[in-house]
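Breakdown of the fold
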Amino acid sequence: MAFLFGWLRAAISSCPSCSAPIAAGRRDQWKREAPLRSACAGSWAAVALSPEEFRVLRRQGTERPFTSPLNEEKRSGTYHCKVCESALYTGEAKFDSGCGWPSFDREVDTDKVRRIRDTSHGMIRVEIRCAHCDSHLGHVFPDGPEPSGLRYCINALSMTKVASDSTGADHE
């Protein structure tokens, strides 16, 4: 009998945020996913993400290249995280890298983006996530323009653009 309850306890775990049960077959997958501060799908539902935004932000997906209007955006302003609205990049840091996703050469602040080693898809890259809510943003590569030499290749679905007015103040 003790064996049965031990197996049952090992077979079921729970979400660290909301205590929702997770079956054993999903537990290993859960550990591989982003350790979100708000880890269960229900808490992200309050943000009103589309299924594609959820796939990119929560499941570390990638949107198709050359599909976002933000790719061609040239106006000044600030790019914010879609989930928590933290300011991540400025329009001044944006450049056309030709890769099909919005690209930036620097962050607003060095503490706004978290870097994680990514070995998926048979390559070694650096994934970047919002430091505040742990949303997947994209990847950073060492082939950007000087002075940073970095190219932050960002999924446009993970950001919202807040335009600046003539005084430099941001507004929606």
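Above this text sits the structure in question.
Quick caveat, the model's predicted, so the values are computed rather than measured.

Checked against the element boundaries, E107 lands in the loop between strand 6 (103-104) and strand 7 (113-118). A relative accessible area of 12% places E107 in the buried class. Polar side-chain contacts of E107 include one of 2.7 Å to the side chain of Y152. Aside from chain neighbours lying at most four places away, what touches E107 is L88, Y89, K112, V113, R115 and Y152.

Turning to its location among the elements, I128 is positioned in strand 8 (residues 125-130). Residues in contact with I128, not counting those within four places in the same chain, are Y89, V113, R114, R115, S135, H136, L137, G138, H139, V140, Y152 and I154.

As paired elements, strand 7 and strand 8 share 6 bridges and run antiparallel to each other. Along strand 8, the bridge assignment pairs I116 with E127. Between strand 7 and strand 8, which pair antiparallel one after the other, the connecting turn spans 6 residues, and H121 there sits at a positive phi close to 60 degrees.

Turning next to the nonpolar core. Y89, F104, I128 and I154 are the most contacted members of the largest nonpolar core, which has 20 residues in total. Where this core is concerned, the elements lending two or more residues are strand 3 (77-81), strand 4 (87-90), strand 8, strand 9 (136-141) and strand 10 (151-154). The contacts of I154, once residues within four sequence positions are left out, are E63, Y89, W101, P102, F104, I128, L137 and M159.

With that settled, consider the packing of aromatic side chains. Applying the stated criterion to the full structure yields 3 aromatic pairs. Relative to F104, the ring of Y79 has its centre 5.0 Å away and its plane inclined at 70 degrees; by these criteria the two rings are edge-to-face. A residue pair is termed long-range when its members are at least 10 positions apart, and Y79 in strand 3 and F104 in strand 6 qualify at 25 residues. We note that Y79, like F104, is buried. For F104, a relative accessible area of 0% gives the class buried.

It is worth spelling out the sheet that holds strand 10 at this point. Within the open sheet, the 6 strands sit side by side as 5-6-10-9-8-7. Their pairing is antiparallel. Of all strands in the sheet, those bounded by a partner on one side alone are strand 5 (94-95) and strand 7.

To continue, consider the pairing of strand 4. Two faces, one strand: in a regular strand the side chains alternate between the faces of the sheet. Pairing of strand 3 with strand 4 involves 3 bridges; the strand directions are antiparallel. Residue pairing for strand 4: H80 is matched across the bridge by A87. Connecting the antiparallel pair strand 3 and strand 4 is a turn made up of 5 residues, with E85 showing a positive phi of about 65 degrees.

Applying the stated rule across the entire model yields 0 disulfides. No disulfide involves C153; its sulfur sits 3.5 Å from that of C99, the nearest cysteine.

Cut-offs applied
- Residues numbered from 1 in each chain as written.
- Predicted model: local features only at pLDDT ≥ 70, side-chain atom pairs only at ≥ 80, totals over all residues.
- Heavy atoms only, no water.
- Helix = DSSP H or I, 4+ residues; strand = E, 2+ residues; numbered from the N terminus.
- Buried < 20%, exposed > 50% of the residue type's maximum accessible area, 1.4 Å probe, protein only.
- Polar contact = N/O pair within 3.5 Å; in protein donor to acceptor, adjacent residues only side chain to side chain.
- Contact = heavy atoms within 4.5 Å.
- Pairing = 2+ DSSP bridges.
- Core = buried A, V, L, I, M, F, W, Y, C linked by side-chain atoms within 4.5 Å.
- Phe/Tyr/Trp six-rings, centres within 6.5 Å; stacked < 30°, edge-to-face > 60°.
- Disulfide = S-S within 2.5 Å.

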